[in-house]
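Each chain, letter by letter, is given below.
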Amino acid sequence: MKKIITTLALCLMAATAFSQSSESMTLEPQNYFRGTFEGFYAPSRYIYTGNNDTIDDEKFTSIGLGLMVNTSLSKTVPLYLHWGIDLVFNSYKWESEPIDMFGYQKTTKLEYIYFSFTYKANIGYYLQIPNTSVGFLPYAGLFARMHIGGSSYYTYPNLHTEDNTLYDDQVKTSLFTQSAENPNPWNRFELGANVGVKAFFGKFMIGVAYGRTFTDLTDDTQVSEFRLSAGLKF
């Protein structure tokens, strides 16, 4: 698996290096544009890939900002390497059904909060509607994601015997660092593929995309996302 990850990561870097070297050798089509600044919202899922039928997929949310750059790959047609970076904030929340404890309705809660950095390399083809400022950029490609850091927060009701009072105690654990509380930390690196389309109206852009990792975030767990984006082209 490490050899596969290393090979794919090198392919992503090689694609960018090739695009930068080839940019000076290609002519820019008439409807060429440098790239886009984007913000996005992505309803996502932790997808369980194991054999335990009692474990369901779990929903979480990602939001972030991105910069995508176009490098022309053809002298005559608007074929681009559409590549760039994202900074992503991820949040997962779970809460149990309330139970009665000493006359109080109490719940157990679990929350994951973590930040990620994503590098993407796509091939896209720009389609301009004649005599308008409307265009479309369908694309597909690979991405490599690095998780910068994050924590889990486990909150549970606990009766403190010193004052016989019921409190909500919280345990904070690093998601990506091995410890006594977390003997199986999450993987910091993921690789995956995505496909999407962006629509342009003058300088404005909206887009939709679907992405899926093919390496595990944690044991038998991969990630999918449906991304809604908006931004400006430059």
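The structure contained in this document is the topic of the report that follows. (Residues numbered from 1 in each chain as written. Predicted model: local features only at pLDDT ≥ 70, side-chain atom pairs only at ≥ 80, totals over all residues. Heavy atoms only, no water.)

Observations concerning a nonpolar patch on the surface
Then step 1. A surface patch of nonpolar side chains, amounting to about 990 Å² of accessible area, comprises Y41, I63, Y125, L127, I129, F136, V195, V197, V208, Y210, F226 and L228.
Then step 2. Mapped onto the nonpolar patch, the elements with two or more residues apiece are β10 (189-201), β11 (204-213) and β12 (221-233).
Then step 3. You can see Y210 is positioned in strand β11. (Patch = residues over 30% accessible without salt bridge, like charges linked within 9 Å, V, L, I, M, F, W, Y side chains within 5 Å. Areas by Shrake-Rupley, 256 points an atom, 1.4 Å probe, with all protein chains shown as cover. Salt bridge = Lys/Arg side-chain N within 4 Å of Asp/Glu carboxyl O. Helix = DSSP H or I, 4+ residues; strand = E, 2+ residues; numbered from the N terminus.)

Some details on the pattern of salt bridges
Then step 1. Per the counting criterion, the structure on display carries 7 salt bridges.
Then step 2. One salt bridge in this structure joins K120 and D86, with 2.9 Å as the shortest N-O distance. Residue K120 is located in strand β6 (residues 109-125), and its partner D86 is located in strand β3 (residues 79-95); the two are separated by 34 residues in the primary sequence.
Then step 3. Classification of K120 as buried rests on a relative accessible area of 8%.
Then step 4. Through salt bridges with shared partners, one network takes in D86, K120, R145, E190, E225 and R227. (Buried < 20%, exposed > 50% of the residue type's maximum accessible area, 1.4 Å probe, protein only.)

What to know about the environment of E95
Then step 1. Mapped onto the elements, E95 comes out in strand β3.
Then step 2. Residues E95 and T108, spaced 13 residues apart in sequence, show a C-alpha to C-alpha distance of 5.8 Å.
Then step 3. If sequence neighbours within four positions are ignored, E95 has contacts with T107, T108 and K109.
Then step 4. Side-chain polar atoms of E95 contact the side chain of T107, separated by 2.8 Å. (Contact = heavy atoms within 4.5 Å. Polar contact = N/O pair within 3.5 Å; in protein donor to acceptor, adjacent residues only side chain to side chain.)

Remarks on the pairing of strand β1 (residues 35-48)
Then step 1. The pairing of β1 with strand β2 (residues 58-72) spans 12 bridges and is antiparallel. Paired with Y46 across the strands is E58, a residue of β2.
Then step 2. Inspection of the sheet shows β1 paired to β12 by 11 bridges, in the antiparallel sense. Each bridged residue has a counterpart across the sheet, and for G39 the counterpart in β12 is A230. (Pairing = 2+ DSSP bridges.)

Concerning the pairing of β10
Then step 1. Two elements, strand β8 (residues 134-160) and β10, share 13 bridges in a ladder whose sense is antiparallel. Of the residues in β10, the one forming a bridge with V134 is F201.
Then step 2. As paired strands, β10 and β11 are joined by 10 bridges and run antiparallel to one another. Opposite G196, over in β11, you have A209 as the bridge partner.
Then step 3. Hairpin connection between β10 and β11: a loop of 2 residues separates the two successive antiparallel strands, and G202 in this loop has a positive phi of roughly 65 degrees.

Notes on the nonpolar core
Then step 1. In terms of nonpolar packing, the biggest core is built from 10 residues, these being Y46, F60, Y92, Y112, Y114, L175, F176, W186, L217 and V223.
Then step 2. Contacts of Y114, omitting those with residues within four sequence positions, involve Y46, F60, V88, F89, N90, H147, G149, G150, L175, F176, W186 and L217.
Then step 3. With 6 residues, the next largest nonpolar core counts F33, L137, F200 and M205 among its residues. (Core = buried A, V, L, I, M, F, W, Y, C linked by side-chain atoms within 4.5 Å.)

What to know about the side chain of N194
Then step 1. Among the secondary structure elements, N194 is positioned in strand β10.
Then step 2. Of note is the side chain of N194, whose polar atom sits 2.8 Å from the side chain of N122.
Then step 3. When residues no more than four places from it in sequence are discounted, the contact partners of N194 are K120, N122, Y139, A140, G141, L142, F143, Y210 and G211.

Some thoughts on unusual backbone geometry
Then step 1. Despite not being glycine, N131 has its phi angle at roughly 65 degrees, a positive value.
Then step 2. Using a relative accessible area of 84% as the deciding quantity, one classes N131 as exposed.
Then step 3. Positive phi, normally seen in glycine, also occurs at D220, with a value near 55 degrees.
Then step 4. In this fold, D220 is placed in the loop between β11 and β12.
Then step 5. Since its relative accessible area comes to 36%, D220 is described here as partly exposed.

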